[in-house]
There are 2 protein chains.
Amino acid sequence: MADDLLKYDRMVEGALLGVVQEALKLAASEGLPGEHHFFLTFRTQAPGVELEDSLQAQYPEEMTIILQHQFWDLFVDDDRFGVTLSFNNRPHNLVVPFAALTSFVDPSVKFGLQFNVAVEKTAPAPVPATVPQKAAPETSREATETSRSEEHTSELQSH
Amino acid sequence: MADDLLKYDRMVEGALLGVVQEALKLAASEGLPGEHHFFLTFRTQAPGVELEDSLQAQYPEEMTIILQHQFWDLFVDDDRFGVTLSFNNRPHNLVVPFAALTSFVDPSVKFGLQFNVAVEKTAPAPVPATVPQKAAPETSREATETSRSEEHTSELQSH
């Protein structure tokens, strides 16, 4: 098979991060409709993440936040979102670039997207530029950190 | 399961039509890189489709065009693209809104997206607003026109 010079995986990942952005924008402007709520998982060490030291220490790799009943000051930019959440009865401000997201799940309708970020925790060695990176969304809520270079299948599921 | 008031299916479909748009824009500005080439299938009766009468008569429902070696004047707007192709040794101009697309396939890397357009050929009766429409992309190159209202699975495959 020919090389994917157009990098469809990255195009699809970028497009689906746009879906997360759109959902967050709706939540920011109108609140969460019906029973919708979001689980957002992100890499706490990713560039641009703003997180208080206590949370950074508690979640050195990944953190999952829930936007459901108690969240405040949600804002959504082109490349990141921010929100205030309560942890241990104290408000914490977070800023998360979309590039740091590893998954988005809305359990109310069993919708999920998984993002495979450029930085591979299990593959610290540089990867040759011609080997496709994991860059496609998946449905599983489990964060799979294995590297699949030659072949991969992406799935979206909804409903 | 709760109603999908956020309509993720439509968000995902819109996002993935953006991938097609991005691929076409690259082809328009820089040509098709490497062995990439596109099969685009669209509903010839969809609003906004511009197609000469002879082709309209020959393809009364759907038409698949191939962008590979011989195409000219490709342009891409926010909501449509246009191109000149040769049929029977004569140039024909086509304009296709993205909303008319039913599939996009790049055989060079086995990448495909299928779009399930709002108009259901096999379900002419009005569908209640609360029943999810087929609106999610699929990989199969076959146009499946069956209606699945309660449950559906969408898949993307690449590589």
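These figures come from a predicted structure and were not determined experimentally.

Draft legend 1. Seen up close, the environment of Phe42 of chain A. Residue and element names in this part refer to chain A. With respect to the secondary-structure elements, Phe42 resides in strand E1 (residues 38–43). Its relative accessible area of 0% is what places Phe42 among the buried residues. Measuring from C-alpha to C-alpha, the distance between Phe42 and Val20 comes to 13 Å, with 22 residues separating the pair along the chain. Not counting chain neighbours up to four residues away, the residues in contact with Phe42 comprise Val49, Glu61, Glu62, Met63, Ile65, Leu94, Val96, Ala100, Leu101 and Thr102.

Draft legend 2. A look at the side chain of Thr44 of chain B. Residues and elements named next belong to chain B. Structurally, Thr44 can be placed in the loop between strand E1 (38–43) and helix H2 (53–58). Side-chain polar atoms of Thr44 contact the backbone oxygen of Tyr59, separated by 2.7 Å. For Thr44, the side chain forms a polar contact with the main-chain oxygen of Pro60, separated by 3.2 Å. Not counting residues within four places of it along the chain, the set of residues in contact with Thr44 comprises Val49, Leu51, Gln56, Tyr59, Pro60, Glu61, Glu62 and Met63.

Draft legend 3. Expanded view of the pattern of salt bridges. Residues and elements named next belong to chain B. According to the stated counting rule, one finds six salt bridges over all chains in the structure shown. The salt bridge partner of Asp77 is Arg80, with a shortest N-O separation of 3.3 Å. On the accessibility criterion, Asp77 (30% relative accessible area) is partly exposed. Owing to a relative accessible area of 28%, Arg80 belongs among the partly exposed residues under this scheme.

Definitions and limits used
- Residues numbered from 1 in each chain as written.
- Chains lettered and ligands numbered in written order.
- Predicted model: local features only at pLDDT ≥ 70, side-chain atom pairs only at ≥ 80, totals over all residues.
- Heavy atoms only, no water.
- Helix = DSSP H or I, 4+ residues; strand = E, 2+ residues; numbered from the N terminus.
- Buried < 20%, exposed > 50% of the residue type's maximum accessible area, 1.4 Å probe, protein only.
- Contact = heavy atoms within 4.5 Å.
- Polar contact = N/O pair within 3.5 Å; in protein donor to acceptor, adjacent residues only side chain to side chain.
- Salt bridge = Lys/Arg side-chain N within 4 Å of Asp/Glu carboxyl O.

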